[in-house]
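# Structural overview
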Amino acid sequence: MSLTLSPVPALRGTVTVPGDKSISHRAVMLGALAEGTTHITGFLMGEDCLSTISCFRKMGIDIEVSDEEVVVHGAGLHGLKAPTELLYTGNSGTTTRLLCGILAGQPFSSVLNGDASIQKRPMGRIIKPLRLMGADIDGKDGNLCPLTIHPAPLSGIRYELPVASAQLKSAVLLAGLFADGQTTVVEPAASRDHTERMLRGLGAKVETVGNVITLTPPDTLRAVDVEVPGDISSAAYFLVAGLILPDSEIIIRNVGVNPTRTGILDALDAMGADIERLNERGDVEPVCDLRVRSSRLHGTVIGGDIIPRLIDELPVLAVAAAFAEGETVIRDAQELKVKESNRIAAMTTELSRTGADVRETEDGMVICGGKPLHGADFLSYADHRVAMSMAVCALACEGSSSIDDPACVAISYPTFFDTLDSLKNNEASGRRSKL
Ligand SMILES: O=C(O)C1=C[C@@H](OP(=O)(O)O)[C@@H](O)[C@H](O)C1
Ligand SMILES: C=C(OP(=O)(O)O)C(=O)O
């Protein structure tokens, strides 16, 4: 069922966003492989992370889910059991690719598959290095799901990643847990390093020198409780909405600001955004509160090494660019074509419906922003990030808009529209005092 959205003059108030998706996945996966019990607070109850829980339950891991926490009863590095059915990864690329790395090192066979979107996403990128390690893994046409994995001894390798992908890096490192000898990955640019941080926290030796990461296979991993910070990828929608809607001020509490994830803050800063970091804290994963105030944005160039640091935020950055004065160029972002949808094509098409001047390029988009945009009937392509980005856009357009499949936001942010509603109709305190 489609959702109608009307423009709003401002968003004001304080919100928290759900837990980080990447960290939630990893907390379950590594908790399952650890000795002892892992208590996870702030876990993201989004469909993607629930897919990860479901796969590990099928391998005999006892996982308790309550409103307060997720408790993973670890089985140790060699404690997973052969699944009796296919491992279904839903819409989640992270589940599919990271799980493959783990399955490559198991003494049992497994098959994994996901939804229609997952069945189109490239898996050759993980099959290749896992085979170099000795894995017996194959996919449909060598590149697609379903993936079939049979037991085989693994050896450590040194592998230069052809793309800056944390999923690829993590798949190789997780297989490296079961390999004979060290595993080294070399990244073309730094991608999110949650796997490395969590592995270190659980006692594994993981060394990072520049973009070269080396894992020494541990004898065991020791369970450690995980407090998942809010997801900066979810905070991004409120950052951009707060910037482009005049007279807005939003505080987003408890947001993870791992430097491998804060490209969005750097890009928005270059566009003239007023965003402050408050109460910086955290150890394994740095956290802060973010305060955003409406700002007059201008165009910028987003490309090169920053791309993996803001890859999931590019759709909503394209919305910011459509409301910024002048030209924004997004380049080196070919990876956007192989996400839940082709996000370059999707965002170009959807932004164009508003009258925005947007052009698709080989590896990104060129957006000439700053003119008034009008509401339209938007398509989400069953892609949560496109749906949330166009919802933000709709708030700043003239006239009403609709989104065809608002329910798809449940992949990463089930309560997105409720939180958005909570920020509407909160008058500026200055104005309220005049009433
Ligand atoms: O490792 C992760 O948790 C993720 C890595 C990124 O994918 P790639 O590694 O394919 O760039 C990102 O787009 C995804 O949402 C989560
Ligand atoms: C690309 C994404 O996730 P995944 O690759 O895990 O499906 C995303 O959440 O934007």
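Residues numbered from 1 in each chain as written. Chains lettered and ligands numbered in written order. Predicted model: local features only at pLDDT ≥ 70, side-chain atom pairs only at ≥ 80, totals over all residues. Heavy atoms only, no water.

Under an unreviewed UniProt entry, the protein chain has the name 3-phosphoshikimate 1-carboxyvinyltransferase and belongs to Butyricicoccus porcorum.

It is worth spelling out the nonpolar core at this point. Side chains of nonpolar character tend, in soluble globular proteins, to be buried together. Judged by nonpolar contacts, the single largest core of 77 residues is most densely connected at Phe-238, Leu-268, Leu-314, Leu-351 and Phe-416. The element contributing the most residues to this core is helix H7 (residues 232-244), with 10 residues. By size, the runner-up hydrophobic cluster in this structure holds 66 residues, among which are Leu-30, Leu-44, Ile-63 and Met-198. (Core = buried A, V, L, I, M, F, W, Y, C linked by side-chain atoms within 4.5 Å. Buried < 20%, exposed > 50% of the residue type's maximum accessible area, 1.4 Å probe, protein only. Helix = DSSP H or I, 4+ residues; strand = E, 2+ residues; numbered from the N terminus.)

The next subject is the pairing of strand S23 (residues 364-369). In terms of burial, S23 is largely enclosed, as 5 of its 6 residues are buried. As judged from the 5 bridges shared by strand S21 (residues 326-330) and S23, these two strands associate in the antiparallel manner. When the bridges of S23 are listed, Gly-326 appears paired with Gly-369. When strand S22 (residues 357-361) meets S23, the two strands line up antiparallel, connected through 5 bridges. When the bridges of S23 are listed, Val-358 appears paired with Ile-367. Between the end of S22 and the start of S23, which pair antiparallel, lie 2 residues. (Pairing = 2+ DSSP bridges.)

What follows is about the sheet that holds strand S8 (residues 136-140). Spatially, 4 strands are ordered S6-S7-S9-S8 in an open sheet, and the strand pairing comes out mixed. Looking along the sheet, the strands with just one partner apiece sit at the ends: strand S6 (87-88) and S8. Two strands pair when backbone bridges link them, and strand S7 (residues 110-113) and strand S9 (residues 144-150) are joined in this way by 3 bridges, in the antiparallel orientation. Looking at S9, one finds that Val-111 is bridged to Thr-148. With respect to the sheet, helix H3 (residues 93-104) is in contact with S6, S7, S8 and S9, its orientation differing from that of S9 by roughly 15°. Those strands touched by helix H4 (residues 124-132) are S8 and S9, and its axis lies near 160° from that of S8. (Contact = heavy atoms within 4.5 Å. Axes fitted to C-alpha atoms, helices over the stretch in contact; angles between N-to-C directions.)

Okay, unusual backbone geometry next. Residue Pro-146 is reached from Cys-145 by a cis peptide bond, and omega for that bond is 0°. A positive phi angle, close to 55°, is found at Asp-141, a residue other than glycine. Here Asp-141 is to be found in the loop between S8 and S9. The class of Asp-141 is exposed, set by a relative accessible area of 69%. A positive phi angle, near 50°, is found at Asn-279, a position not held by glycine. Locating Asn-279 in the fold gives a position in strand S18 (residues 274-281).

Attention shifts here to the sheet that holds strand S1 (residues 3-5). Sheet architecture is open: 3 strands sit in the order S1-S25-S24, paired in mixed fashion. The two strands at the open ends of the sheet, each matched to only one other strand, are S1 and strand S24 (377-378). Bridging between S1 and strand S25 (residues 401-403) involves 3 bridges; their strand directions are antiparallel. Bridge pairing in S25 links Thr-4 to Ser-402. Where helix H11 (residues 384-396) meets the sheet, it contacts S1, S24 and S25, and its direction lies at approximately 170° from that of S25.

Within the structure, ligand 1 sits among Lys-21, Ser-22, Arg-26, Thr-94, Arg-97, Ser-165, Ala-166, Gln-167, Arg-192, Ile-311, Asp-312 and Lys-339. Contact between ligand 1 and Asp-312: an oxygen atom at 2.6 Å from a side-chain N or O atom of the residue. Contacts to ligand 1 include Lys-339, whose side-chain N or O atom sits 2.8 Å from an oxygen atom. Relative to its unbound accessible surface of 390 Å², ligand 1 loses 95% to contact with the protein. When residues of the shell around ligand 1 are traced back to their parent elements, those giving at least two are helix H1 (21-33), H3 and helix H5 (166-176). Top contributing element to the shell around ligand 1 by residue count: H1, with 3 residues. Split into classes, the residues belonging to the shell around ligand 1 amount to 2 nonpolar, 4 polar and 6 charged. Counting contributing residues, the shell around ligand 1 receives three or more from each of domain 1 (3-19 + 229-434) and domain 2 (21-214). (Near = heavy atom within 4 Å. Polar contact = N/O pair within 3.5 Å; in protein donor to acceptor, adjacent residues only side chain to side chain. Areas by Shrake-Rupley, 256 points an atom, 1.4 Å probe, with all protein chains shown as cover. Nonpolar A, V, L, I, M, F, W, Y, C, P; charged D, E, K, R; others polar. Domains from an automatic or database assignment.)

The next point concerns the domain arrangement of the protein chain. Bring the parts together and some accessible area is lost; that lost area is often taken as the interface size. For the protein chain, the domain assignment lists domain 1 (3-19 + 229-434) and domain 2 (21-214). Taking only C-alpha atoms, the centre of domain 1 and the centre of domain 2 are 29 Å apart. Where domain 1 packs against domain 2, one counts 3 salt bridges. We note a salt bridge from Glu-340 to Arg-121, for which the minimum N-O separation is 3.6 Å. Where domain 1 touches domain 2, the interface holds 13 residue pairs in polar contact (both at pLDDT 80 or more). Taken together, the residues of the side of domain 1 that touches domain 2 sort by class into 11 nonpolar, 5 polar and 11 charged. (Salt bridge = Lys/Arg side-chain N within 4 Å of Asp/Glu carboxyl O.)

We now examine the confidence of the model for the protein chain. Put simply, the protein chain has an average pLDDT of 97, and 98% of its residues get 70 or more. Under a pLDDT of 50 for its full length, residues 430-435 has, in the predicted model, 4 contacts with residues more than four places off or in other chains. Across the whole predicted complex the pTM is 0.98, and at the interface the ipTM reaches 0.99. (pLDDT = per-residue confidence, 0-100.)

Let's shift gears to the packing of helix H2 (residues 47-57) against H3. Here H2 crosses H3 at 25°, and the two axes come no closer than 10 Å. Relative to H3, the element H2 is oriented roughly parallel. The chirality of how H2 crosses H3 is right-handed. Facing H2, whose interface residues are Asp-48, Ser-51, Thr-52, Cys-55 and Phe-56, H3 presents Thr-95, Leu-99 and Ile-102. The residue makeup of the contact of H2 with H3, split by class, is 4 nonpolar, 3 polar and 1 charged. (Parallel < 35°, antiparallel > 145°, perpendicular 65-115°, else oblique. Left-handed = near helix turned anticlockwise from the far one by under 90°.)

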